[in-house]
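Examination of the molecular architecture
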Amino acid sequence: MRIVLAIHAALILLASTAFTAITAPLGGNSLQWSFYSYSFRSGFGTPYVSDYSTAVALTYLIAFAFGGIGFTMASRRGRIRTGMLGIILSVIGFVSFTVELSHVFVDHHRSWIVIAPVAMLVLALIACLPQRDAILRDVKAASM
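Treat the numbers as computed from the prediction; the structure is a model and nothing was measured. (Residues numbered from 1 in each chain as written. Predicted model: local features only at pLDDT ≥ 70, side-chain atom pairs only at ≥ 80, totals over all residues. Heavy atoms only, no water.)

Describing the nonpolar core
- Formed by 23 residues in total, the largest nonpolar core has its most connected members in Leu-5, Tyr-52, Tyr-60, Phe-64, Phe-71, Phe-97 and Ile-115.
- Beyond its immediate stretch of four places on either side in the chain, Leu-5 contacts Gly-70, Phe-71, Ala-124, Ala-127 and Cys-128. (Core = buried A, V, L, I, M, F, W, Y, C linked by side-chain atoms within 4.5 Å. Buried < 20%, exposed > 50% of the residue type's maximum accessible area, 1.4 Å probe, protein only. Contact = heavy atoms within 4.5 Å.)

This is the structure in structure tokens:
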């Protein structure tokens, strides 16, 4: 579970910085971070231009897939609220970027982006922390 959520967090961090987390230290573009984003577009007549490159959109899609798997594992291991919230945010993000990537294959003018990378990173961290009742169980087992 921790490895899956670590991959999820790393991909979310890369995508939410539009890869500037890697390029900025190497002398590329300055570091930027989109910690939350909501946008909806629907219209006809003008060509649609995405705010996200195909690489960033694909990275988000993969990150949300890992998040869905990792948070499902977390909810099954006792992190029910954290896991369910992570699953919900992962599904919303996955649907958002599925629509965004569909522009590569189908010409349409709809876009719906709802992402909260900062929330996803915090939830992944919380899901990976040891549970208090698990620590107490370990202490009781060690004292016997």
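Comments concerning empty space enclosed by the protein
- Tallying each qualifying case throughout the model produces one cavity of 30 Å³ or more.
- If you add up the space inside the largest cavity, you get close to 30 Å³.
- Every residue lining the largest cavity is listed: Phe-64, Leu-89, Ile-92, Val-114, Ile-115, Ala-116 and Met-120.
- For the lining of the largest cavity, the residue count by class is seven nonpolar, no polar and no charged. (1 Å grid on protein atoms, 1.4 Å probe; cavity = no way out; pocket = protein on both sides within 12 Å on 5 of 7 lines; lining within 4 Å. Points joined across faces, edges and corners; volume = space filled by probe spheres on them. Nonpolar A, V, L, I, M, F, W, Y, C, P; charged D, E, K, R; others polar.)

Quick word on the pairing of strand E2 (residues 110–115)
- Side chains of E2 alternate between two faces, with Ser-111, Ile-113 and Ile-115 buried and Arg-110, Trp-112 and Val-114 left unburied.
- As paired strands, strand E1 (residues 37–42) and E2 are joined by six bridges and run antiparallel to one another. Bridge pairing in E2 links Ser-37 to Ile-115. (Helix = DSSP H or I, 4+ residues; strand = E, 2+ residues; numbered from the N terminus. Pairing = 2+ DSSP bridges.)

A short note on the side chain of Ser-90
- Position of Ser-90 among the secondary structure elements: in helix H4 (residues 80–105).
- The exposure class of Ser-90 is buried, given its relative accessible area of 2%.
- Within the local environment of Ser-90, its side chain forms a polar contact with the backbone oxygen of Gly-86, the two atoms lying 2.8 Å apart.
- Beyond its immediate stretch of four places on either side in the chain, Ser-90 contacts Phe-64, Gly-67, Gly-68, Phe-71 and Met-120. (Polar contact = N/O pair within 3.5 Å; in protein donor to acceptor, adjacent residues only side chain to side chain.)

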